[in-house]
Amino acid sequence: MTALSSTPEQMVAEPKLVGRPDVNRQRLARMGWAFTAPALLVIAAVTIFPIVYSVVMSFNNVTVTGNGFSLDGFTFSNYNLLIHASLWRDALYFTLYYTLITVVVELVIGTCIALVLERLAAGRGWMMALLLIPWSMITVINAELWAYIYNGTYGVADYILNALGLGSPVILGTPTPAIIGLMIADIWKTTPFVAIIVLAGLVMLPGDVYEAAEMDGASGWYTFWHVTLPLLRPTIALAVMFRVLQAFGLFDLPYVMTGGGPGTATQSLAILAYNALFKNLSFGPGAAVATSTALLVLLGCLATLRVFRAQVGQEGS
Amino acid sequence: MRNRKRTGWHRYVNGVSISTLVTALFIIVPLYWLIATSFKNPNSIGSSPPSLGPTPFSGGNYSNAFVGYDFGIYFRNSVIVTICATALVLALGTLAGYALGRLPMRGKFTTMVILLMISVFPAVAVLAPLYLLMRNLGWLNSYQALILPYTAFNLPFAIWILRNYFLGIPKEMEETGRIDGASPLRTIWSIVLPQALPGLFTAGIFCFTACWTEFLMALTFNSSNNFRTIPVGIAEFGGNFQVPYGTIFAASVVAVVPIGILVFIFRKFVISGLTSGAVKG
C-alpha cells in the first residue's frame, strides 16, 4: 500500500529537479569554474605570466642593478645578437640533431624490445618492472653513473676499449665521443619508456588481423611491416611528438656529464639560456634564448595541434 | 607462427629468451655497476683496472654521504617538497579534473588543449621571470620556492589523468548523491573519489617521480646547502679536482630505493599512466 501511494509523489518530484535545466546548467557551470579556478590560477602564475614576462624581457635592454633588474627601453638587439651568434646556432643545431638521433634509436630499439616482450610467455611482469627502473631514475644520477663509466683514468669503458684494442680515447674530452657518450646514457634511460608504450599498443591490437595475415601466408616480416606498424602508428606518433617537444628542454644530462663541453660541443639551448642568465647575468640575451626556445616548442605544438585536439576529443565524445 | 610449439631445449633457448636476456642485461649491468661501486672501499674506487665486485665490501661511502656530506639534509628537503607538491597536485587536480570531466562548462575543450600544451613546455622558458618573482617575494632558498612551481608543472598531467577517470564513472551514481541532497563537494568525496582511486594513484606516482627527479628549478631557486634537494646535492658533491664517486653512488642508491619501491608497488598505475595518451618521458 505504502509503496503504491509513494509512486505519484515521485512522479511529481522528478520533473521538478530537471524542470529548470537552464538555471541548473548555469549553476553547475559556475561551480565547475569555481572548482577549476585554483588549479588554473596556480598554473597561470607559474607558466603563463612568466612566459609573457620572458617575452617582455627579451625585447628590452635589461641592466643588472644593486637590488634587482631594470628594463631600459625597447630593443631588438637581444635577438640581433642571437641570430648573429654562432653559439646560439650551434646550440640549436646540437639540440636538433641530438633529438633526432636519440628519438630514432630509442624508437627502433624500443619497438624491438616490445615485440620480444609481447611473445614472452612467462616473466613479462618482471621485465616491465625492470623497464620502469631507468624511467624513474634521477637524470643527475644517470649522468654521474655514465661519467664514471667514461672516466679517462679509471672508467670501465676506457678499460673495455683498451682491451678490444681500440685505444683509449678521452671520451668526455673529445667532441664526437662525448656526444655519442651522452646519447648512450640518454638511450639507456629512455628506451624502456618507449618499449612500454609500444608494448601497450601491441597488446591492444586486434588478434583477428594477424590470423587473417597468417592465413594469407604472409611472412613475419611482411606482417610486421604492413599490419603491425600501420596499426601502431597513432601510438608511436604521439610518443614521438611528446619526446621531441620535451627534448627542447634538454638540460640535466649534458649539464652534469659534460657541462656543455668539451668547449661548447654539447651545449643545448637550455644550457645556453641557463648560462647566459645565471652565470653571465646577461638577462636580455638569456631571455631571448629562452623565448626563442619557447617559440619553437609553441610552433611544434601548433603544427601538431590536430594530435592534441584528437587526444582531448577522443575521450570527450 | 605466433604460437608455434617448441620442443626440447628450443623451448628455453630461442630468439625470444635470448633477446629478453640481452634487454635485461642492458638495463641491469649499469645498475649493478652503480650499486657495486657504492659498496667499494672509498680508496679502491680509483683503481685501474676497476675491480668487478665490491671486495673488500665496505659501507664507508654510505657513512661518508651522511656524515662527511649533508646528504641527510638533502633527503629531508626532497621528501618535504615532493610530498607537499604531490598532495597539492592531487587536491587541486581532483577538483579541476572533476569539473572538466563532469560539469557542463563552456570552453572545456580549449582549456584541456591549452593544459596539454603547457605540460610539454620547457621549464627553462620561465626560469628567469620565476627567479625574479621568487627573489621579490623573498622565497629563494625556501620550500615554497619549489612546491609552487612543481605543483603548477605537474597539475596539467594530473588533471588530464583524473578527468579521463571521472569521464568513465557512470553518471547515475552521482545523481543518486545529488538527489539525496549531498553537497557537490560531499558527492565528490564520498561517491566519485573512491571510483577514481586508480586515477589518483597514477597521477600521484607521476607527480612524485617528477618532483623527486627535478633538477633545473631546484638548482636555480634553492642553491644554499640547507635547501638543496637530492639531485642538486648529488650534482654538487665534491670539489674541483676529485669527484667522490663512491659517495655519489652511495647517495644515489639511497635516493633511488624509495622511488624504486613506490614505482614497483604502483607499477600497474605507472604503466596505465604512460599509455593513457599524454605521456611524459
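Residues numbered from 1 in each chain as written. Chains lettered and ligands numbered in written order. Predicted model: local features only at pLDDT ≥ 70, side-chain atom pairs only at ≥ 80, totals over all residues.

**Topic: the overall build of chain B**
What chain B contains, in helices and strands, is 13 helices and zero strands. Reading the secondary structure of chain B in the N-to-C direction produces α-α-α-α-α-α-α-α-α-α-α-α-α. The C-alpha radius of gyration computed for chain B amounts to 24 Å, which surpasses the reference 19 Å derived for 281 residues by more than 25%, pointing to a less compact arrangement than a globule. Projecting the C-alpha coordinates of chain B onto the three principal axes gives extents of approximately 75 × 70 × 35 Å. When burial is assessed residue by residue, chain B has 47% of its 281 residues classed as buried. For chain B, contacts bridging at least 24 residues in sequence account for 76% of all contacts bridging at least 6. (Helix = DSSP H or I, 4+ residues; strand = E, 2+ residues; numbered from the N terminus. Rg over C-alpha atoms; globule rule 2.2 N^0.38 Å. Buried ≥ 20, exposed ≤ 12 C-beta atoms within 10 Å, placed from the backbone. Contact = placed C-beta atoms within 7 Å.)

**Considerations on the overall build of chain A**
A tally of regular secondary structure across chain A gives 14 helices and two strands. The contacts of chain A with a sequence gap of at least 6 include a subset with a gap of at least 24, amounting to 66%.

**Notes on the packing of helix H9 (residues 197-213) of chain B against helix H13 (residues 267-274) of chain B**
All names here are of chain B. Running from amino to carboxyl end, H9 crosses H13 at an angle of 85°, the nearest separation of the two axes being 8 Å. Taken together, H9 and H13 sit at an angle that is classed as roughly perpendicular. Across the interface between the two elements, Pro198, Phe201, Thr202, Ile205 and Phe206 from H9 touch Phe269, Val270, Ser272 and Gly273 from H13. Across the contact of H9 with H13, the residue classes tally to six nonpolar, three polar and no charged. (Axes fitted to C-alpha atoms, helices over the stretch in contact; angles between N-to-C directions. Parallel < 35°, antiparallel > 145°, perpendicular 65-115°, else oblique. Nonpolar A, V, L, I, M, F, W, Y, C, P; charged D, E, K, R; others polar.)

**A word on the domain arrangement of chain A**
We note that the domain assignment places domain 1 (19-54) and domain 2 (91-316) within chain A. Using C-alpha coordinates to define each centre, domain 1 of chain A is positioned 35 Å away from domain 2 of chain A. (Domains from an automatic or database assignment.)

**Examining the packing of helix H5 (residues 124-136) of chain A against helix H12 (residues 245-265) of chain B**
The interhelical angle for the contact between H5 of chain A and H12 of chain B, taken along N-to-C directions, is 135°, at an axis separation of 10 Å. Accordingly, the angle class assigned to the pair H5 of chain A and H12 of chain B is oblique. Remark: the crossing between H5 of chain A and H12 of chain B carries right-handed chirality. On H12 of chain B, the residues that touch Ala129, Leu132, Ile133 and Ser136 of chain A of H5 of chain A are Ile259, Gly260, Val263 and Phe264 of chain B. Grouping the amino acids of the contact of H5 of chain A with H12 of chain B by side-chain chemistry returns six nonpolar, two polar and no charged. (Left-handed = near helix turned anticlockwise from the far one by under 90°.)

**Structural notes on the interface of chain A and chain B**
Opposite the 86 residues of chain A that make contact, chain B presents 84 residues. For the side of chain A that touches chain B, the leading source of residues is helix H2 (residues 21-58) of chain A, giving 20 residues.

**Brief notes about the domain arrangement of chain B**
Interfaces are often described in size by the accessible area the parts lose on coming together. Residues and elements named next belong to chain B. Domain parsing of chain B yields domain 1 (8-62) and domain 2 (69-274). On the domain 2 side, the residues contacting the nine residues of domain 1 number seven residues. Breaking the side of domain 1 that touches domain 2 down by element, the ones donating at least two residues are helix H1 (15-38) and helix H2 (60-68). Of all the elements, H1 adds the most residues to the side of domain 1 that touches domain 2, at four residues. Its residues assigned to classes, the side of domain 1 that touches domain 2 shows five nonpolar, three polar and one charged.

**A look at the confidence of the model for chain B**
Mean pLDDT over chain B: 85, with 91% of residues reaching 70 or higher. Both scores are given for the predicted complex: the pTM is 0.87, the ipTM 0.89. (pLDDT = per-residue confidence, 0-100.)

**Side note on the nonpolar core**
Grouped together as the largest cluster of nonpolar side chains are 159 residues, with contacts concentrated most on Ala273 of chain A together with Val124 and Ala158 of chain B. Setting aside residues up to four positions removed in sequence, Val124 of chain B forms contacts with Gly249, Phe251, Ala270, Ala273, Tyr274, Ala290 and Thr293 of chain A together with Leu216 of chain B. (Core = buried A, V, L, I, M, F, W, Y, C linked by C-beta atoms within 7 Å.)

**Here's the deal with helix H8 (residues 184-195) of chain B**
All names here are of chain B. Helix length check: H8 (twelve residues) gives 16 Å between terminal C-alpha atoms against 16 Å at 1.5 Å per residue, within 8%. Within the sequence span of H8, burial applies to Pro184, Thr187, Ile188 and Val192. All buried residues of H8 fall inside an arc of 95° around its axis, so they share one side. With respect to the buried face of H8, the exposed residues turned more than 90 degrees away are Ser190 and Pro194. (Expected span 1.5 Å × (residues − 1). Arc of directions from axis to C-beta.)

**A look at the environment of Phe269 of chain B**
Residues and elements named next belong to chain B. Looking at the secondary structure, you find Phe269 in helix H13. Judged by local crowding, Phe269 falls into the buried class, with 21 C-beta atoms found within 10 Å. Through-space distance from the C-alpha of Phe269 to that of Gly204 is 9.5 Å; in sequence the pair is 65 residues apart. Contacts of Phe269, omitting those with residues within four sequence positions, involve Pro198, Phe201, Thr202 and Ile205.

**Description of unusual backbone geometry**
The phi dihedral of Leu281 of chain A is positive, around 55°, even though this residue is not glycine. Position of Leu281 of chain A relative to the elements: it lies in the loop between helix H12 (269-279) and helix H13 (283-303). Located in the positive-phi region is Asn141 of chain B, a residue other than glycine, with phi close to 60°. Relative to the helices and strands, Asn141 of chain B resides in the loop between helix H5 (127-137) and helix H6 (144-167). Under the C-beta neighbour-count criterion, Asn141 of chain B is labelled partly exposed, with 15 such atoms within 10 Å.

**Details of the environment of Cys207 of chain B**
Residues and elements named next belong to chain B. With respect to the element layout, Cys207 can be found in helix H9. Between the C-alpha atoms of Cys207 and Leu90, which are 117 residues apart in sequence, the distance is 8.8 Å. With residues up to four places along the chain from it excluded, the contact list for Cys207 reads Ala85, Thr86, Val89, Asn154 and Ala158.

**Let's talk about the environment of Arg30 of chain A**
Checked against the element boundaries, Arg30 of chain A lands in helix H2. C-alpha separation for the pair Arg30 of chain A and Gly284 of chain A, spaced 254 residues apart in sequence, amounts to 42 Å.

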